[in-house]
Amino acid sequence: MSYRYSAENTPPTPERASEVAITTHEHVYEVDPRLMELHVLQQTFPNWDTLRIMHARHDHLAWMHTHFAEKTVTGSELIAEIEDSR
Amino acid sequence: MRRGWLFVTTLERPSTDLVDRVVERLRGVLRPDQILTSKTDRYNRARVPAPFPVHRWRERVPDLAVLPETTEEVAAVVSIANELRCPVVPRDGGTGLTDGAVPLHGGIVVDVKRMNRIHELDLENRTVTVGTGINMLKLNEQLAKHGLIYPDDPASYPCSLVGGRIGTSGWSLIGSRYGHTRDLVLSFDFVLPTGEILHVGDGAGGKISKSSSGYQLKHLFMGHQGTLGIATKATLKLYPKPEAELSPFWAFDDYDAAYRFTGALARAGVATFAGAVLFDEYKVAYLRRDDEAYIPQPADVRALTCAVLYGWEDEVRVGGKRLFRIAKEHGARYLGDEISEGDWAARHDRYATPLHGRTKAGQVVPMSWHCEDAAVNYTDVPAVTKAWHEIVADLRRKTDVFDDWGMFAYTSADTGVDYLTEIDVGIWEQRLDDAAWAMWVKAKRDIAAAALAHGGSISACHGSCREGEVDLVPRELGRGFDVMLGVKRMLDPNNIMNPGKYLLDLAYQGDVSAQLAELRGPS
Amino acid sequence: MTQTEPDMRPDALQKPFTPGAPSNDPELESYPETVSGPVPLELTDRRTAEFVEEWRNASYNCYSSGHKFCREVCPVMQVTRNESWTPTAFHANVVAMEKGELEIADIAEDYVNCTQCGACELRCPNTLFTGDFYKFRTRTVDVVKAVRALAVESGVHQPNWQTWNERTNDRTHEPVLGETEISQENVRNWAEGLDIPIGGDTVLFVDCEAAFYRTAVPRAVAQILQKAGYEFGLMGEQWCCGGPAAEMGYVDQAKRFARHNLDNWRSTGTKRLLVLDPHDYISFTEDYPKYFGAEFDIEVVLVVEVLADLLAQGKLTPTVPVDRTITYHDPCRLNKRKGIWEEPRQILRAIPGLTFHDVDRVTQWSYCSGGGGGLPVEKPELTAAISEKRLGHAAELGVDTLVSACPWSERPLSEAGDAKDIDVIDIHELFAESLGITVGGSRGTVGDKRCGGGGCGGGGCS
């Protein structure tokens, strides 16, 4: 909950997620940086900004659900009901 | 070689003198802040999201823009333009993909965004009457307070406007349940190219959903891409805001299995079924570039189907269980609640972002997104899919300016008869020169031709008046295109309303049967 | 069956692939490029050329997508409905400059129409859906600031901004309107009688509007912190943070002010900065790091987060009931630009007696007071219209009070609230009242209609 230059500009150690992507923060995927070396260069991205965007995305998606319907029915519930009724 | 666009007459842009006279006359009907003439005012009303040769931006810049606030002001502007023979280009959200709102011959852009009032909410008859400059998301924020929704849901849902939906006869993501714009708009006020005001729609009161009195004119004044006039105020049909939503996503080893399953879902006759989407193998490979839902998926996830249901919770549950039983029969693998919900919620505003773009070697490049669409019957979807990917592969063999972002097929109706079939193409506009643009125009023509060859329509969704595809409209419509020319000539005697679109300049050139025959090609 | 293309000499493009995967067919890298691309234009103006080089890709990412999802969340667009003043236009103009179609003199005035609230860049799919993935997001606020700076460097001034920044330069603080004379001598007047030391490990930085006009806010903050036993001092010689100058394009002045403040913290051995104003919080966590890099080793802490923490630890317990029906205004710079929205709600939910009609933070991406980015200095009528719209949303909820957490929003919101009989109060003022603190100070010349009991400040209260 506080800002420090050194902490914000030290991202977590990346782990490979696929042939073209890595993971850094929990729930955050990032492009393999070797794919952004030529035509578009990555911007300076403090940790807070990465996390802000990730959280805002989740909030936005939840908002869109309630914008279109009061609640969501999950597929797993229905699968369970089908299994139970057999 | 057929080169249809050569038949289009090049209208002169209005002279400086004419523009001055137009501005002078407009000052008599509008306030100064409603008349915009600066360079930025004009440059920012010259394009839509579809990629275009940026070095030719100047050609599309209008001479001025106006911001009317009432139907009467629109009518006054159009009357002046008609009298002085100055082109008029209606502009609503400017989010269309077939250049309807792009000025081809300068003139006056009539920007309706200030006409965004809710005029009347009729809770008993379940209608709302709005200015056409209102956006659907903003409208639904108001309607939600009354437990209602206007379910017109394009990919541009958070920014496109009701008037643009009328002008393009838009397609809705959840149209299989609620219908598309043409079904949801009951009536509207419309300014004709002469400045006369027409009320389009059934019955005197404007709130009738079905009449059989006289010619059915509503469809004629929808989807014309602004060539017949400007919708200013519309009465819309409202539904109860759904209590529940279900949006399952399923994975498959290959395209054919996902295709068979999609068809089975659409044919199931579930009343709450609002749509199904088929993601082909190119689309899934594309999503693995940067989509958090698909990066971690195992390699045998190659094609996807999703479905969505809306309604009361009890009926959604019953319908949902039927779809899950069909899924079991088809060996569909459910992708889980988190991906299903997250991915569906992102579909209401799923415009591509530029950094999806890649060179063939994999470097990230900023690309403009172009979505080529067609309406195709279920049985023809695989063949069209193959043909389109080959057209784009051929572009990629020549250059990294183009990229294949995969294909979707969406149900358009509740029976599964036809699908909005789209191929998403990344275009690196920064590298787009005249040669690359010519390649793209040819590809667009080939894409449209493939849809027609399989009994489809050039467009389910966007319209078909862009360079390339437009040449094939006379072939698709046949004799109907001659009727279009007649209607245009009658309603717009001076060709001031969005000139240069849909080959409609042919309406003013006497006998054009030879040109039409050549455009249509051998029957 | 797997999808492949029919009837062709087999090649690498005939099947789906994910570009950049090391396992891909190497043939993909061997196709010759046949498109040469347009010839780039050489711009004659050096400043413009440098500007375009720096921002062309950032702006092109907006231009090429053209989603326009920013449009209906943009506060200026919502009240003007003029597409020339939308975030997309602000980016498109840069592309037009690159193409030689527009010059800085053509575009400068349009860029007044922005509060730098950040809604556009957050709502943009290029940020919201892929910004974190690519570490490349939409930067409308930065582009607006850069265009304004280019205008100032090129001698294209907006008259009121020019005067405002000249006066700020003369007085070392912004010339906010009010009864207190703006001068270095008076910057700590708000703290009269509170016995706060100068300097120390932690200092409280008070923005110009709060220090000279809405003095009830810093008084509330200081007394709450004192009540919790939280040690802090005031700056030895506080100057304006420089943020407003940076927002209006007067970058050299902004940097000079920032240098002064950093040097002053050094001179008092200060390691931590307590910030009560969201605008200052942006300056210290975004502008200062850009100016000074790793040299900027001061910890920056937002007061409302500290208070929520003290509340959670039980070091502060509000007990005095406050009989108000409220809604909360998410300050743009907290909610949109920093993602801070939970802590203020934690505080409000802890205050006894309140009836709280909350509006979620995503809906509030499209709300704004219009008080930021220099807009009220150059176009007060737009600020007033934006505040009026915000109060309209509040009125629909049937509340008597709108609570904000941003002093700069509170003046225009209060003025708009007067017309709707809705009081506008700062969250720190409200929290102090519930903690039984007699705040004192001024809540400005409007507002104060419902204050009663021990929590009422001075100023215009009657």
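Residues numbered from 1 in each chain as written. Chains lettered and ligands numbered in written order. Predicted model: local features only at pLDDT ≥ 70, side-chain atom pairs only at ≥ 80, totals over all residues.

Visitor: Is there a simple way to think about the overall build of chain B in this case?
Guide: Of the regular secondary structure elements, chain B holds 16 helices and 19 strands. In terms of overall dimensions, chain B is globule-like: its C-alpha atoms have a radius of gyration of 23 Å, near the 24 Å expected for 523 residues. Taken over the C-alpha atoms alone, chain B extends approximately 70 × 60 × 45 Å along its principal axes. Relative to its 523 residues, chain B shows a buried fraction of 62%. In chain B, the proportion of contacts linking residues at least 24 apart, taken out of those at least 6 apart, comes to 72%. (Helix = DSSP H or I, 4+ residues; strand = E, 2+ residues; numbered from the N terminus. Rg over C-alpha atoms; globule rule 2.2 N^0.38 Å. Buried ≥ 20, exposed ≤ 12 C-beta atoms within 10 Å, placed from the backbone. Contact = placed C-beta atoms within 7 Å.)

Visitor: When you look at the overall build of chain C in this model, what are you seeing that I'm missing?
Guide: Helices and strands together make up the secondary structure of chain C, namely 21 helices and 8 strands. In terms of overall dimensions, chain C is globule-like: its C-alpha atoms have a radius of gyration of 25 Å, near the 23 Å expected for 462 residues. By its C-alpha atoms, chain C is 85 × 55 × 45 Å across when sized along the principal axes. Taking all 462 residues of chain C together, the buried fraction comes to 58%. For chain C, restricting intrachain contacts to residue pairs at least 6 apart in sequence, the fraction spanning at least 24 positions comes to 73%.

Visitor: What should I look at first to understand the interface of chain A and chain C in this one?
Guide: It is common to give the size of an interface as the accessible area that goes away when the parts come together. Opposite the 29 residues of chain A that make contact, chain C presents 32 residues. Listed by contribution, the elements that provide at least two residues to the side of chain A that touches chain C are β1 (2–3), α1 (5–8), β4 (29–31) and α2 (47–68) of chain A. The element contributing the most residues to the side of chain A that touches chain C is α2(A), with 10 residues. A class-by-class count of the residues in the side of chain A that touches chain C yields 15 nonpolar, 7 polar and 7 charged. Strand direction decides the pairing type here: β1(A) and strand β4 (residues 299–302) of chain C, joined by 2 bridges, are antiparallel. From the neighbouring strand, A:S2 faces β4(C), where its bridge partner is C:V301. (Nonpolar A, V, L, I, M, F, W, Y, C, P; charged D, E, K, R; others polar. Pairing = 2+ DSSP bridges.)

Visitor: How should the interface of chain B and chain C be read in this particular structure?
Guide: At the junction of the two partners, chain B supplies 68 residues and chain C supplies 54 residues. Those elements giving two or more residues to the side of chain B that touches chain C turn out to be α2 (39–43), α4 (136–143), α8 (255–267), α9 (281–287), β17 (368–377), α12 (381–398) and α13 (434–453) of chain B. A per-element tally of the side of chain B that touches chain C places α12(B) first, with 7 residues. Its residues assigned to classes, the side of chain B that touches chain C shows 26 nonpolar, 15 polar and 27 charged.

Visitor: What is the right way to read the domain arrangement of chain B from this model?
Guide: Domain parsing of chain B yields domain 1 (4–111), domain 2 (118–240), domain 3 (244–349), domain 4 (354–471) and domain 5 (474–520). For domain 1 of chain B versus domain 3 of chain B, the distance between C-alpha centres works out to 43 Å. (Domains from an automatic or database assignment.)

Visitor: How should I be thinking about helix α15 (residues 303–312) of chain C in this particular structure?
Guide: Residues three or four positions apart in an α-helix share a direction because the helix packs 3.6 residues into each turn. Residues and elements named next belong to chain C. Across the 10 residues that make up α15, a large majority, 7, are buried. Along α15, the residues classified as buried are V303, V304, E305, V306, L307, A308 and L311. Buried residues along α15 sit in contact with α11 (216–227), β3 (272–275), β4, α17 (342–350) and α21 (427–434). Just beyond α15, the residue with positive phi is G314, at close to 80°.

Visitor: Before we go on, may I ask you to explain the confidence of the model for chain B in this structure?
Guide: Low pLDDT means the predicted atomic positions in that stretch should not be read closely. The share of residues in chain B with pLDDT of 70 or more is 98%, and the mean pLDDT across the chain is 95. Predicted confidence is poor over residues 1–10 of chain B, with pLDDT under 50, and the contacts of this stretch with residues over four places away or in other chains come to 16 contacts. (pLDDT = per-residue confidence, 0-100.)

Visitor: Looking at this model, I keep getting lost on the sheet that holds strand β3 (residues 21–23) of chain A. Mind explaining?
Guide: Hydrogen bonds along the backbone pair up the strands of a sheet, which may run parallel or antiparallel. Residues and elements named next belong to chain A. Overall, antiparallel pairing links the 3 strands, which are arranged β2-β3-β4 in an open sheet. With one partner strand each, in any of the chains shown, β2 (15–16) and β4 form the two edges of the open sheet. Bridging between β3 and β4 involves 3 bridges; their strand directions are antiparallel. From the neighbouring strand, I22 faces β4, where its bridge partner is E30.

Visitor: Just checking my understanding: could you explain the packing of helix α19 (residues 380–396) of chain C against helix α20 (residues 407–420) of chain C for this structure?
Guide: Angle between the axes and distance between the axes are the two parameters that describe a pair of packed helices. All names here are of chain C. It is the contact of α19 with α20, at a shortest axis distance of 8 Å, that shows an interaxial angle of 55°. Compared by their axis directions, α19 and α20 come out oblique. Relative to α20, α19 is oriented so that their crossing is right-handed. Packed against α19, whose contacting residues are T383, A384, S387, E388, R390, L391 and A395, the element α20 presents P412, L413, E415, A416, G417 and K420 at the interface. (Axes fitted to C-alpha atoms, helices over the stretch in contact; angles between N-to-C directions. Parallel < 35°, antiparallel > 145°, perpendicular 65-115°, else oblique. Left-handed = near helix turned anticlockwise from the far one by under 90°.)

Visitor: Would you mind showing me how to read the nonpolar core here?
Guide: Side chains that are nonpolar tend, in soluble globular proteins, to be buried together. Core analysis: the largest hydrophobic core is formed by 326 residues, its most contacted members being B:V77, B:I108, B:L304, C:I224, C:L274, C:V275 and C:L307. For this core, the element with the most residues is helix α8 (residues 140–153) of chain C, which contributes 9 residues. Once residues within four sequence positions are removed from consideration, C:I224 is found in contact with C:L307, C:L316, C:H428, C:F431, C:A432, C:L435 and C:I437. (Core = buried A, V, L, I, M, F, W, Y, C linked by C-beta atoms within 7 Å.)

Visitor: What is the right way to look at helix α10 (residues 313–329) of chain B in this model?
Guide: All names here are of chain B. Over its 17 residues, α10 runs 24 Å from end to end, which matches the ideal 24 Å to within 8%, given 1.5 Å per residue. Among the residues of α10, those classed as buried are V316, G319, G320, L323, F324 and A327. For α10, the angular spread of the buried residues around the axis is 145°, confining them to a single face. Exposed and facing more than 90 degrees away from the buried side of α10 are D314, K328 and E329. (Expected span 1.5 Å × (residues − 1). Arc of directions from axis to C-beta.)

Visitor: Explain the domain arrangement of chain C here, please?
Guide: Residues and elements named next belong to chain C. According to the domain assignment, chain C contains domain 1 (46–153), domain 2 (161–308) and domain 3 (311–455). Using C-alpha coordinates to define each centre, domain 1 is positioned 29 Å away from domain 2. Between domain 1 and domain 2, the residue contacts involve 6 residues of the former and 6 residues of the latter. Here the side of domain 1 that touches domain 2 is composed, by residue class, of 3 nonpolar, 1 polar and 2 charged.

Visitor: Please explain the pairing of strand β18 (residues 402–411) of chain B as it appears in this structure.
Guide: Regular strands place side chains that alternate from one sheet face to the opposite one. Residue and element names in this part refer to chain B. The element β18 is extensively covered by neighbouring structure, given that 10 of its 10 residues are classed as buried. One ladder, built from 3 bridges, connects strand β14 (residues 273–279) with β18; its direction is antiparallel. Bridge pairing in β18 links F279 to F408. The sheet contact formed by β18 and strand β19 (residues 418–427) spans 8 bridges and is antiparallel. Residue pairing for β19: F402 is matched across the bridge by I427. Between β18 and β19, which pair antiparallel one after the other, the connecting turn spans 6 residues, and G416 there sits at a positive phi close to 80°.

Visitor: Any chance you could explain the sheet that holds strand β6 (residues 355–356) of chain C here in plain terms?
Guide: Residues and elements named next belong to chain C. Reading across from one edge, β6-β5-β7-β8 is the order of the 4 strands in this open sheet, with parallel pairing throughout. Only two strands of the sheet have a single neighbouring strand rather than two, namely β6 and β8 (423–426). As defined by bridge partners, strand β5 (residues 325–328) adjoins strand β7 (residues 401–404) across 3 bridges and the pair is classed as parallel. Residue I326 lies in a different strand from β7, and its bridge partner there is T401. This element, α17, spans β5, β6 and β7 of the sheet and lies at about 170° to β5.

Visitor: In this structure, what is going on with the confidence of the model for chain C? I would like to understand it.
Guide: The predicted model of chain C averages 94 in pLDDT, with 95% of residues at 70 or higher. Both scores are given for the predicted complex: the pTM is 0.96, the ipTM 0.97.

Visitor: I keep staring at the pairing of β4(C) and nothing clicks. Help me out?
Guide: All names here are of chain C. Relative to β4, β3 runs parallel, the two sharing 4 bridges. Bridge pairing in β4 places L273 opposite V300. One crossover worth recording links β3 to the parallel β4 by way of helix α14 (residues 278–292), and it is right-handed. (Right-handed = clockwise from strand over helix to strand, strands pointing away.)

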